[in-house]
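This is what each chain is made of:
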Amino acid sequence: MVEERRNGLYELTCEVPMDGDGRFRLLRAGNIIKAEAPVSDAPLLLDQGDRDIWFVARSTVRLYASPSSRAGTLSRYRYGAEATVLEDVDGTYFRVKMLQDGMVGYIRRSDITYFRRASLSQPAYMRMARAQLFRIDTVETDSAAGVVTATARHVFYDLYGCMVRGPAVIDAWTGGEAVLRQIFYGQLTDAPQHALVTPAAFDRPVRMEAGYKSIVAVLLDEGGVMDQLGGALIRDNFSIYALPALSCDNGLTIRRGKNLLGLVERVDMTGVVTEIEAFAHDENGQLMRFGGGFRSPRYADYPFPLTARRTYDFTVGSADTPTAQDVLRAIEAAVADEYARGADLPHVELQADFLLPDEGDALASLQQVHMFDTVRVIDEVAGVDRKLTVTGYRWDVLKGQYERVTLGQ
C-alpha cells in the first residue's frame, strides 16, 4: 500500500509471508522496494514545444539514479526506446525523460543516438502510474503470525540527512528560486543524487532562514518554501519538482447516487484569521507595530473577532525596506497574500470513497485523479457541493487502484 499526502508523507507499507521461497528475507532496512504508484506528471508543462528525440542505440541500457555507473538502476530499456534530453550533465551522461513511461534519470551519452526533432503533443497533464522507489526504514517480524511487515519511505527522503551548511537566506525579492537551487547543489553537507527543478521565478514571496536545516525541512516544514508558495512538490524517484500553485480541472464530478459511495467532511475554523496585528523591526532592531490592524474582506462574515499577531521579517533601514513606509508596504503585500491563500477561511477536508471507471471505459483517461487535481463533489443529502483539490490518497499497488482519496481546500 502506498500513501501520499500533499507536500508531506510519501511511504509504502507491505506484508510478506514467511514462506518457503524466502522473499521475506529481502525486507531489510536500507533496501529499496520498487512499486507502481500514481505520479502527477505536471512537469510535462516544462517539456512543451519542439524537442530533440533520441533513441536507445544498444540492445539494453540502464537508466541510473545519478550520473554514475555505480548509482542505482531505475529501469532498463531496449533498443529503439525514445527519450528527450533534459540536461547534458558532464559530456558523459545525459539527464533524460523516457517517453514510453515518463521515467527521469541518467543515461550514458554513448548509449543513445539523436533521431529527430519533433513537437511533443502529450497533454500538459499525463496520467500514469509508474515505478517509484521506496527505501525500507522499519521492519517488523511476527514469527507467530508468520508475517514480515516493512515500511519504506520514498527515496526523496534520502535527503533528510542532507543539511544546509552554514547560514543561508532564501529571499524571493532577490531571486528565491535561484538561491534555493544554489543551496541544493552547492551548500548541502552531502552532494545529493537528486535533481531539483524549479520555475524560472517564484510567483509568491518566499523569505526564510535556511541555514543548518535539513533540505527536506527547508522544502516541507510549516513556514518552509512550499508552504509559503502554496505550491506543489512532485516527487518522481530522484527528480524533485518544486512548482508554484498547481491544479488541473479535468471536469471530474463525483456525485451521491452515481459514483460517490460515501464521504466524511471535516470543517475546521480554529486557525481562521480575519484581522492581523502586524509587527516588524525598527532601525534599532526593536519590534514595533505597523498599521492599525489589517482586516480581511471577510471580516464581517464572522460574528466574533478572529485576530492574530504576526511578526514579519522586515527591518527599517535594510536594503529592501530603507524606510518605515517601505516596511508598511511590504507588510501590506504579505498580509494580502496570506488572505489570498485562505487564512480567513475554514480548512475543509473530505475523505471520499468513489468508483473509478473500468480501464475499457472511453472516459477512463478523463476520470483518473492525481495529486493536486481539482474534483467537484456533490452530495445533496449532506449538503455538499464543493470543488476541492486532491491532497492525499492510499493506493493499492497489487490491484493498481485507489483505496482512498482525500480532498481538501
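First, a word on scope: everything that follows refers to the structure included in this document. (Residues numbered from 1 in each chain as written. Predicted model: local features only at pLDDT ≥ 70, side-chain atom pairs only at ≥ 80, totals over all residues. Heavy atoms only, no water.)

**Brief notes about the sheet that holds strand β14 (residues 195–197)**
Spatially, the three strands line up as an open sheet ordered β14-β17-β16, and their pairing is mixed. Only two strands of the sheet have a single neighbouring strand rather than two, namely β14 and β16 (232–236). Taking the axes of each pair of neighbouring strands and ignoring which way they run, one obtains an average angle of 15° across the sheet. In the sheet, β16 pairs with strand β17 (residues 239–243) via five bridges, with the strands oriented antiparallel. Note on β17: the bridge partner recorded for Arg235 is Ile240. (Pairing = 2+ DSSP bridges. Helix = DSSP H or I, 4+ residues; strand = E, 2+ residues; numbered from the N terminus. Axes fitted to C-alpha atoms, helices over the stretch in contact; angles between N-to-C directions.)

**Structural notes on the packing of aromatic side chains**
Overall, the coordinates contain eleven aromatic pairs when judged by the stated rule. Here Phe156 and Tyr157 contribute two aromatic rings whose centre-to-centre distance is 5.1 Å and whose plane-to-plane angle is 75°, an arrangement assigned as edge-to-face. On the basis of an interplanar angle of 20° and a centroid distance of 6.2 Å, the ring pair of Tyr312 and Phe314 is categorised as stacked. In terms of burial, Tyr312 and Phe314 fall into one category: buried. One aromatic cluster is present, built from ring pairs that chain together Trp54, Phe94 and Tyr114. (Phe/Tyr/Trp six-rings, centres within 6.5 Å; stacked < 30°, edge-to-face > 60°. Buried < 20%, exposed > 50% of the residue type's maximum accessible area, 1.4 Å probe, protein only.)

**Points about the pattern of salt bridges**
This structure, assessed with the given rule, holds 16 salt bridges. Between Glu3 and Arg5 there is a salt bridge, with the nearest N and O atoms lying 3.5 Å from each other. Residue classification places Arg5 among the partly exposed positions, given a relative accessible area of 46%. Note that Glu338 is salt-bridged to Arg310, the shortest N-O span being 2.7 Å. (Salt bridge = Lys/Arg side-chain N within 4 Å of Asp/Glu carboxyl O.)

**A closer look at the sheet that holds strand β20 (residues 275–281)**
Overall, mixed pairing links the three strands, which are arranged β21-β20-β22 in an open sheet. Two strands in the sheet have a free side with no partner beyond their single neighbour: β21 (287–295) and β22 (307–315). Taken over all neighbouring pairs, the strand axes of this sheet differ in orientation by 25° on average, direction set aside. On top of the sheet, helix α4 (residues 324–340) reaches β20, β21 and β22; it is set at about 45° to β21, its chief contact. (Contact = heavy atoms within 4.5 Å.)

**Some thoughts on the environment of Gln193**
Residue position: Gln193 is located in the loop between α1 (176–186) and β14. Gln193 sits in the partly exposed class, given a relative accessible area of 32%. For the pair Gln193 and Ser239, spaced 46 residues apart in sequence, the C-alpha separation works out to 9.1 Å.

**A few points about the pairing of strand β7 (residues 82–88)**
As paired elements, β7 and strand β8 (residues 93–98) share five bridges and run antiparallel to each other. Its bridge partner being in β8, Ala83 is matched across the sheet by Met98. The antiparallel pairing of β7 with β8 creates a hairpin that spans four residues between the two strands, and Gly91 there sits at a positive phi of about 90°.

**What to know about α4**
The α-helix winds at 3.6 residues per turn, so residues separated by three or four positions along the chain end up facing the same way. Relative to the 24 Å expected for 17 residues at 1.5 Å per residue, α4 spans 24 Å between its end C-alpha atoms, a close match to the ideal helical length. All of the buried residues along α4 are Asp326, Val327, Leu328, Ala330, Ile331, Ala334, Val335, Asp337, Glu338 and Tyr339. Residues of α4 that are buried sit in contact with β20, β21 and β22. Backbone geometry just downstream of α4 places Gly342 in the positive-phi region, at approximately 100°. (Expected span 1.5 Å × (residues − 1).)

**Description of the side chain of Asp344**
Within the secondary structure, Asp344 is located in the loop between α4 and β23 (347–354). Residue class for Asp344 comes out buried when judged on its relative accessible area of 1%. At 3.1 Å, the side chain of Asp344 and the side chain of Arg298 are in polar contact. In this structure Asp344 touches Val272, Val273, Thr274, Ser296, Pro297, Arg298, Tyr302 and Tyr339, once residues within four positions along its chain are discounted. (Polar contact = N/O pair within 3.5 Å; in protein donor to acceptor, adjacent residues only side chain to side chain.)

**With respect to the environment of Arg341**
Looking at the element boundaries, Arg341 is found in the loop between α4 and β23. The exposure class assigned to Arg341 is partly exposed, which follows from its relative accessible area of 37%. Spatially, the C-alpha atoms of Arg341 and Leu229 are 9.4 Å apart, while their sequence positions differ by 112 residues. In this structure Arg341 touches Arg204, Asp227, Gln228 and Gly230, once residues within four positions along its chain are discounted. A polar contact of 3.2 Å, which involves the side chain of Arg341, links it to the backbone oxygen of Gln228.

**Considering unusual backbone geometry**
One non-glycine residue, Asn237, lies in the positive phi region at around 55°. Within the element layout of this structure, Asn237 appears in the loop between β16 and β17. Judged by its relative accessible area of 1%, Asn237 is buried. Positive phi is not limited to glycine here, since Phe372 has a value of about 80°. Among the structural elements, Phe372 can be located in the loop between α5 (364–367) and β24 (373–379). Exposure remark for Phe372: the relative accessible area of 4% places this residue in the buried category.

Everything listed is a geometric property; what it means functionally is a separate question.
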